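Chains, contacts and geometry: an overview
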Amino acid sequence: MNAFQKLGLDADLLKAIEDMGFETPSEVQEKSIPILLEQETDLVSLAQTGTGKTAAFGFPLIQKIDSNSKKTQALILSPTRELCLQITNELKNYSKYKRSLNVVAVYGGASITDQARSISRGAQIIVATPGRMQDMIRRNLADISSINYCVLDEADEMLNMGFYEDIKSILSHTPKEKKTWLFSATMPKEVAKIAKKFMTDPKEITVGSKNKGSVNVSHEYYLVNHRNRYDALKRLADANPDIFSVIFCRTKRDTQKVAEKLIEDGYNAAALHGDLSQNQRDLVMKSFRTRQIQMLVATDVAARGIDVDDITHVINYQLPDEIETYTHRSGRTGRAGKQGVSMVIISKSEVRKIRTVEKIIQQKFEEKSIPDGKEICKTQLFHLANDIKKTEINHDIDPYLPTINEALEEFSKEELIKKFFSVEFTRFFNYYEKAPDLSSESAGGRPTVSEGNTRYFINVGSKDGFDWKSLKDFLTGELNLDRDDIFKVDCKASFSFFNTDEKHTDLILKTFTDYQQNGRYVNVEITNDQKPEKGGGRRKERGGGKRNGKNFNDNKGENFKGRRRSDRNDKKSSRKGSRNKNIENSLKRRRSKA
Ligand code: ADP
Ligand code: MG
């Protein structure tokens, strides 16, 4: 008898569980499922994120539903559209051998009529976000007046998002006799209040201690000067070549800024925040799930829905305002039994906050220093060597081999290896050789100004009809400066560079904040490039051509920015030498075939 069978689950469910490859129940499942199957009771079940709460209520719920009746028998409330869809999917997987069971997702941002139609065909289980569910009830599109079960999933998140009144109102349309199952990662006062107000004698299950962080997550902090935050982030990424991460920022603005900078520096990054349309957010999430995005920069609110397994690192670009939020952030990694790391980049003045976090999560932080250039180069070299080892040979290149062999005839294997790695790494080495120590004691950090000058990047160029002269005219006109104030104008195809005295920096950045010309966003940033050669960062362009295609973050002139980005990639590849890039890409293609 397998472990799931012992919990009392029926044959249809056991078959589905086997298909999904679950071998043993998680603790919260082991504790919740028997109670929910055997008793008609209210339940409060607390367990960290990623411990399998969905199945803990999903399995017993599916077993208890009468799929011969088309009546709506259960309502699951969940905080976000993302989660709502995820739960629905999971439930569909669990119930795949229960033919007549229908699970319908109800959430905002999609057609309410379509959702109502699905319900009218008979939805035994409705999975809903509170806002849309309210609409449905108000318009008489769903009948929850005779449900037997109501599940409040991720209750702490729902309350965090201000859904208390909605939940209260929705529950008032449900029968008194129904049973309420509440699942939550943490138990703040608000959740306790819900339990008290809307539940009768709930059984309580706690896995781990309340509010405690996951044991699968280790916590590290890195002390840096405030102005080195971004460079520190880049190093953390470079030191972890296989990083698949969520980076948390405090504001939408920082989120967007950090993501844009990462993209410009050649990383597979995107922003996720509330200023994006639902459609844009969906695209970002899709690319993240399929790993086209390795670094997702997000606000706390936008990241609430993220239940992506295998996230290797959570990076706190800044600590959250509400220290409790840290638990939610770090819970995005270390899911489904895997190990994860939660990193915090902080300045000296924030160290005492780390102590507060330690008390909340009941775990210790390790203080670490930002990896230096040497370490990073070493990691990258070994990583490439490993990639090569794992790569399957592409026989499409066979016809060209004789010529290639001839060209390389004179070299020994050792020499060839050295040359190959030099092709890949010279630029990277050059960057990191000069890179300063970033720990907060040293004054390091690359200057953004030199000799009192500031150099800027602007995202317009000859494709927008500019040459250096007309760009200079445009800038002096917009900024009300003299022609001599703007110099070293270097006009490329889709972007340009120019310099000013540093005293104009504020004026320029201010003028070009949210600045549009003919409906296009003109964006100016300080750049470290003294020549038009962007320093540092990434030699890798994982995901290959894909990066150039869709523009994930753009809530502004889509083609405009998209073009700029791909131009930058082109620029990068020509800098790096297209030969070099081709080697990379062919490695990648073969890898993805494998
Ligand atoms: P939570 O709601 O607690 O945050 P989820 O229900 O989203 O966690 O589950 C996290 C992941 O773990 C999901 O990918 C899920 O499929 C997987 N999972 C759940 N239960 C098991 C199990 N018993 N064995 C293996 N994987 C599981
Ligand atoms: Mg969950």
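Residues numbered from 1 in each chain as written. Chains lettered and ligands numbered in written order. Predicted model: local features only at pLDDT ≥ 70, side-chain atom pairs only at ≥ 80, totals over all residues. Heavy atoms only, no water.

Here we take up the overall build of the protein. Helix and strand content of the protein: 23 helices and 21 strands. Across the 594 residues that make up the protein, the buried fraction comes to 54%. For the protein, long-range pairs separated by at least 24 residues make up 77% of all intrachain contacts whose partners lie at least 6 apart in sequence. (Helix = DSSP H or I, 4+ residues; strand = E, 2+ residues; numbered from the N terminus. Buried < 20%, exposed > 50% of the residue type's maximum accessible area, 1.4 Å probe, protein only. Contact = heavy atoms within 4.5 Å.)

Let us now look at unusual backbone geometry. For arginine 291, which is not glycine, the phi dihedral falls at a positive 70°. Considering the arrangement of structural elements, one finds arginine 291 in the loop between α13 (278–289) and β11 (295–298). The backbone of asparagine 480 shows a phi angle near 60°, a positive value even though the residue is not glycine.

Here we come to helix α10 (residues 189–198). An α-helical turn contains 3.6 residues, so any two residues separated by three or four positions project in the same direction. Residues of α10 that are buried: Val191, Ile194 and Ala195. Down the axis of α10, the buried set is contained in an arc of 95°. They therefore lie on one face. For α10, the exposed residues set more than 90 degrees away from the buried face come down to Lys189, Lys196 and Lys197. Buried positions along α10 lie against β1 (43–46), β5 (149–152), α8 (155–160), α9 (164–171) and β6 (179–184). (Arc of directions from axis to C-beta.)

On to the sheet that holds β11, then. Read across the sheet, 7 strands follow the order β10-β11-β9-β12-β13-β8-β14 without closing on themselves; strand pairing throughout is parallel. In the strand order of this sheet, the two ends are held by β10 (269–272) and β14 (365–368), each with one partner. Going from strand to strand, the sheet's axes swing by 25° on average, the running direction of each strand aside. Along the sheet, helix α11 (residues 229–238) makes contact with β8 (217–223), β9 (245–248), β11, β12 (313–316) and β13 (340–346), crossing β13 at roughly 160°. Running over the sheet, helix α12 (residues 252–264) touches β9, β10 and β11 and is turned about 165° from β10. (Pairing = 2+ DSSP bridges. Axes fitted to C-alpha atoms, helices over the stretch in contact; angles between N-to-C directions.)

With that settled, the discussion passes to the pattern of salt bridges. In the structure shown here, the tally under the stated rule is 20 salt bridges. For the salt bridge of arginine 332 with glutamate 157, the shortest nitrogen-to-oxygen distance reads 3.2 Å. One end of the pair, arginine 332, is in the loop between α14 (325–330) and β13; the other, glutamate 157, is in helix α8, and 175 residues separate them in sequence. Comparing arginine 332 with glutamate 157, the two get one shared label, buried. Notably, a salt bridge pairs lysine 368 with glutamate 220, separated by 3.3 Å at the nearest N-O pair. Residue lysine 368 is found in strand β14, and its partner glutamate 220 is found in strand β8; the two are separated by 148 residues along the sequence. Its relative accessible area of 31% is what places lysine 368 among the partly exposed residues. (Salt bridge = Lys/Arg side-chain N within 4 Å of Asp/Glu carboxyl O.)

Within a sheet, adjacent strands bond to each other through the backbone by hydrogen bonds, running parallel or antiparallel. Taking strand neighbours across the sheet as the criterion, the 7 strands line up as β3-β4-β2-β5-β6-β1-β7 in an open arrangement whose pairing is parallel. Taken across any chain shown, the strands that pair with only one partner, and hence form the sheet edges, are β3 (103–106) and β7 (203–206). Within this sheet the neighbouring strands show an average axis-to-axis angle of 15°, counted without direction. By the bridge criterion, 4 bridges tie strand β2 (residues 74–77) to strand β4 (residues 125–128) in an arrangement that is parallel. Within β4, the position partnered with leucine 77 by the bridge is alanine 128. Of the strands in this sheet, β3 and β4 touch helix α6 (residues 112–120), which is tilted by about 160° from β3.

Within the largest apolar cluster, 38 residues are counted, with the highest numbers of intra-cluster contacts made by Leu9, Phe59, Ile76, Leu91, Ile125 and Trp181. Among the elements that line this core, the one with the most residues is helix α4 (residues 53–64), at 6 residues. Those residues in contact with isoleucine 76 that sit more than four places away from it in its chain are Phe57, Leu61, Ile87, Leu91, Ile125, Ile126, Val127, Ala128, Val151 and Asp153. Counting 33 residues, the second largest nonpolar core, distinct from the first, contains Ile119, Met136, Phe163 and Ala195. (Core = buried A, V, L, I, M, F, W, Y, C linked by side-chain atoms within 4.5 Å.)

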